[in-house]
Amino acid sequence: MAYPFASQSKHCLTFTHMFNEFRQLIRQFPDQRTGQNTVYSIEDAALGAFSVFFTQSPSFLAHQTTMTEAKGSSNAQTLFGMQAIPTDNHIRNLLDIVPPQQIFPMFNKVFTALNELGHLQGFRAINEQLLIALDGTQYHCSNKIHCNSCTVTEHKNGQTRYSHTVITPVVVAPDCKRVIPLEPEFIIPQDGHQKQDCEMAAAKRWLTQYAERYRELNVTLLGDDLYSRQPLCEQVIAAGLNFIFVCKPQSHITLYDWLDGLDKSQAVQTLKIERRKGKQREIDDYRFIDQLPLREGDDALKVNWCELTSTDQDGKVIYKNAFISNHPITANNVVDIVRAGRARWKIENENNNTLKTQGYHFTHNFGHGQQHLSTLLASFNLLAFLFHTILDMMDTKYQMIRARLPSRKTFFQHIQALTCYLCFDSFDALLDFMIRGLDLERLDSS
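Below you will find a few notes about this structure. (Residues numbered from 1 in each chain as written. Predicted model: local features only at pLDDT ≥ 70, side-chain atom pairs only at ≥ 80, totals over all residues. Heavy atoms only, no water.)

Quick look at the pattern of salt bridges
If the charged atoms of two oppositely charged side chains come close together, the side chains can form a pair.
Right, so step 1: Overall, the coordinates contain 20 salt bridges when judged by the stated rule.
Right, so step 2: Of the charged contacts, one joins arginine 23 and glutamate 43 as a salt bridge, the two residues approaching to 2.6 Å between their closest N and O atoms. Residue arginine 23 is located in helix α1 (residues 15-26), and its partner glutamate 43 is located in helix α2 (residues 42-55); the two are separated by 20 residues in the primary sequence. The residues arginine 23 and glutamate 43 share a single accessibility class, namely buried.
Right, so step 3: Here arginine 339 ties to aspartate 336 by a salt bridge, and the two come within 3.9 Å at their closest N and O atoms. Pair noted here: arginine 339 and aspartate 336 are both in helix α10 (residues 334-342), with a separation of 3 residues, about one helical turn.
Right, so step 4: Given the relative accessible area of 35%, aspartate 336 is considered partly exposed.
Right, so step 5: One connected set of salt bridges, linked through shared partners, spans Arg23, Arg27 and Glu43. (Salt bridge = Lys/Arg side-chain N within 4 Å of Asp/Glu carboxyl O. Helix = DSSP H or I, 4+ residues; strand = E, 2+ residues; numbered from the N terminus. Buried < 20%, exposed > 50% of the residue type's maximum accessible area, 1.4 Å probe, protein only.)

So, the packing of aromatic side chains
Right, so step 1: Under the defined criterion, the tally for this structure stands at 29 aromatic pairs.
Right, so step 2: Centroid distance tryptophan 206 to tyrosine 210: 5.5 Å. Interplanar angle 50°. Geometry classified as tilted. Residue tryptophan 206 and its partner tyrosine 210 are both found in helix α7 (residues 199-214); the two are separated by 4 residues, about one turn of the helix.
Right, so step 3: Residue tryptophan 206 is classed as buried on the basis of its relative accessible area, which comes to 1%.
Right, so step 4: The exposure class assigned to tyrosine 210 is buried, which follows from its relative accessible area of 4%.
Right, so step 5: An aromatic cluster is built from Phe15, Phe19, Phe22, Phe50, Phe54, Phe60, Phe80, Phe380, Phe387 and Phe427, whose rings are joined through pairwise contacts.
Right, so step 6: Over the ring of tyrosine 319 we find arginine 342; its NZ or CZ atom is 3.6 Å from the centre of that ring.
Right, so step 7: We note arginine 402 situated over the ring of phenylalanine 411; from NZ or CZ to the ring centre the distance is 5.9 Å. (Phe/Tyr/Trp six-rings, centres within 6.5 Å; stacked < 30°, edge-to-face > 60°. Lys NZ or Arg CZ within 6 Å of the ring centre and 35° of its normal.)

A look at unusual backbone geometry
Where the residue is not glycine, phi is negative for most of them; where a peptide bond is considered, it is trans in most cases.
Right, so step 1: At glutamine 56, a residue that is not glycine, the phi angle is positive and equals roughly 55°.
Right, so step 2: Mapped onto the secondary structure, glutamine 56 falls in the loop between α2 and α3 (60-71).
Right, so step 3: The class for glutamine 56 is buried, based on a relative accessible area of 5%.

Focus: α7
Right, so step 1: For α7, with 16 residues, the first-to-last C-alpha span of 21 Å sits near the 22 Å given by 1.5 Å per residue.
Right, so step 2: Bending of α7 peaks at approximately 40° at the position of threonine 208.
Right, so step 3: Looking at α7, one finds that the buried residues are Glu199, Met200, Ala202, Ala203, Trp206, Leu207, Tyr210, Ala211 and Tyr214. (Expected span 1.5 Å × (residues − 1). Bend = angle between axes of the 7 residues up to and from the residue.)

Structure, rendered in structure tokens:
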């Protein structure tokens, strides 16, 4: 059964479909106000916050307030359905009590629709596996601004640092520039726990909560060396998932001791591939072996190991890394295993770095609050990135304009300028205006 907001006729998701589902979620946000203290609705506060991230314009609401005063309407109303435009302080105060989990179902709605419409097939890699990369990234750090959800670090010089870190899981593929964001997992103090929360504990929580959803989809988790520890690997296998994790010698002494011994007895298999890169010749040397103990002890989990060392024609090493996996590794699939493992970097390049450097201002303090505000706003930002990704995958008009403009930043600079001065009836009308302005109709017809 297709997801209700997926347009079967177009085999795609539209902004209108996604946004309407999002509005249904925010109408369920908690609101502790009583009596007459309800000038602004919780829905307007949430829509206002999301509009800032969707347009990538920190000043969007200020411009729309000015437009409303001058013209009687604004894009806040026509594009985002707001009845009134709250001030920034109103938005922060109203949303501080809202846990970010309130909007997490939206990530699942989009993911499920993508799967049912067949759009995840292009993301499958080794053994028809869907690759999900996990990694933590910090988005707030301050010596003063803090809340109850902050991680607290006491430095030897007497300073206290407050920070927020989040695991941002994404669907990746070796040959695909896009990533599909999934529900995040915030690294925050946990009830009943004395120790500070950490990335590994957060990864285990994410796995506990979502593994059942992905069990039937043939999923392989990707992660850096932090994730290649036996407790997490065992949890992944018990959950019915697979893994390809980076495995460094300094953190896996027992495994590499075994590897050295087996290498001396020539039990480690090898594969050499020469390839051309322009006029240069490069050489990929693969080593691989199955059933190495992940740690010391009789209860050690046996994992399969592979390594790639790439050199140029002068013998200079240009890449070297090693991975462990529960997938059997052979000469027939070691190249694909390594390619899948290396796709982990896409969570850094196409996700975290995009959020921090390509207009999303992920590390900017839009408002911190005392309860959930920081984590909720970060989730809005991630959701806006997901909406943009879906539009880039499926909306022809969006694709045409993005192809014409040189960068993501430029695209949103155009949107920011246009919505500052002109009021559009819908998001589709905004795209139509941009297509006419860029003369893309003539180029498309020719």
